[in-house]
Amino acid sequence: APLEEIAKTGNGRYYLTGRWLRESELVARHDHVALRCRPTLERLGEALGETMILAHLSHKEVVYLDVIEAARVLRFSAFTGQRKPIHAAASGRALLSVLPEQSARALAESLDYRKFTPHTAGNAKALMKALEEGRQRGWQVNLGEHQADTISIAVPLVLDGTVLALVVGAPAHRIQDQVDKVRPALQRAAADLMMEERL
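Residues numbered from 1 in each chain as written. Predicted model: local features only at pLDDT ≥ 70, side-chain atom pairs only at ≥ 80, totals over all residues. Heavy atoms only, no water.

1. Some points on helix 2 (residues 31-48)
Between its first and last C-alpha, helix 2 extends 24 Å over 18 residues, near the 26 Å set by a 1.5 Å rise per residue. Maximum bend of helix 2: about 40°, positioned at Cys37, with proline Pro39 one to four residues after it. Here helix 2 has its buried residues at Val33, Ala34, Cys37, Thr40, Leu41, Leu44, Gly45 and Leu48. Gly49 sits one or two positions beyond helix 2 and adopts a positive phi of about 70°. (Helix = DSSP H or I, 4+ residues; strand = E, 2+ residues; numbered from the N terminus. Expected span 1.5 Å × (residues − 1). Bend = angle between axes of the 7 residues up to and from the residue. Buried < 20%, exposed > 50% of the residue type's maximum accessible area, 1.4 Å probe, protein only.)

Okay, structure coming up:
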């Protein structure tokens, strides 16, 4: 577990904090959805050669329900249970894009706009502009907004009434010329998963 999720007792022993428990419970509640999506993440990971993520919206943050890291030394690093800020993540915008406009705007206006890089959205207006651009394209992108020199691309899907995002993350130099390959692969995978649910 990440260091910030582990606390030290007075006698020198360590224990998992309440935050870790809450995150593990959230992941466990959506375990059946993650299991359904796992084969898709694996196929996409093999086809694209990059880190694949299944994400969900939890209050004012994105939570990663499942992660398959790329088998490369230099890769987009992530882990199951990790939280990301909505305003600085392609997954956050993908998840917001499914919400009714009024709900998405209200959530955007309630966020704390911490600047991670010079490219991070600085306010609700900037986030909503990026969100709308992504809606028109049919996919959302994060160009070094949370970590410099990384790119993530995300598309939304809804399974069992749960709003999710399929995400690929990679070093910018490796994926910036591959967007035309990544985008349709994500969109097809999301459409296939939702079609399977209807059958």
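2. Overview of the packing of helix 4 (residues 101-110) against helix 5 (residues 124-137)
For the pair helix 4 and helix 5, interaxial distance at closest approach is 9 Å and the crossing angle is 140°. Here helix 5 runs oblique to helix 4, going by the angle between their axes. In terms of crossing hand, the pair formed by helix 4 and helix 5 is right-handed. Residues Glu101, Ala104, Arg105, Ala108 and Glu109 of helix 4 touch helix 5, and the partners they reach there are Ala124, Leu127, Met128, Leu131 and Arg135. (Axes fitted to C-alpha atoms, helices over the stretch in contact; angles between N-to-C directions. Parallel < 35°, antiparallel > 145°, perpendicular 65-115°, else oblique. Left-handed = near helix turned anticlockwise from the far one by under 90°. Contact = heavy atoms within 4.5 Å.)

3. Points about the sheet that holds strand 8 (residues 162-171)
Across the sheet, which stays open at both edges, the 6 strands sit in the order 5-4-3-8-7-6 with antiparallel pairing between neighbours. Each having just a single partner strand, strand 5 (83-85) and strand 6 (140-143) make up the two edges of the open sheet. Between one strand and the next, the sheet's axes are offset by a mean angle of 30°, whatever the strand orientation. Here strand 3 (residues 51-58) runs beside strand 8; their pairing, made up of 6 bridges, is antiparallel. The residue bridging Ile53 from the neighbouring strand is Val167, located in strand 8. The strands touched by helix 2 within the sheet are strand 3, strand 4 (61-68), strand 7 (150-159) and strand 8, with strand 3 carrying the most contacts at an inclination of about 145°. (Pairing = 2+ DSSP bridges.)

4. Description of unusual backbone geometry
Although it is not a glycine, His59 adopts a positive phi angle of roughly 55°. Tracing the sequence through the fold places His59 in the loop between strand 3 and strand 4. Positioned with a positive phi, Asp160 is a non-glycine residue whose angle comes to about 50°. Assignment of secondary structure puts Asp160 in the loop between strand 7 and strand 8. Under the relative-accessibility criterion, Asp160 is labelled partly exposed at 41%.

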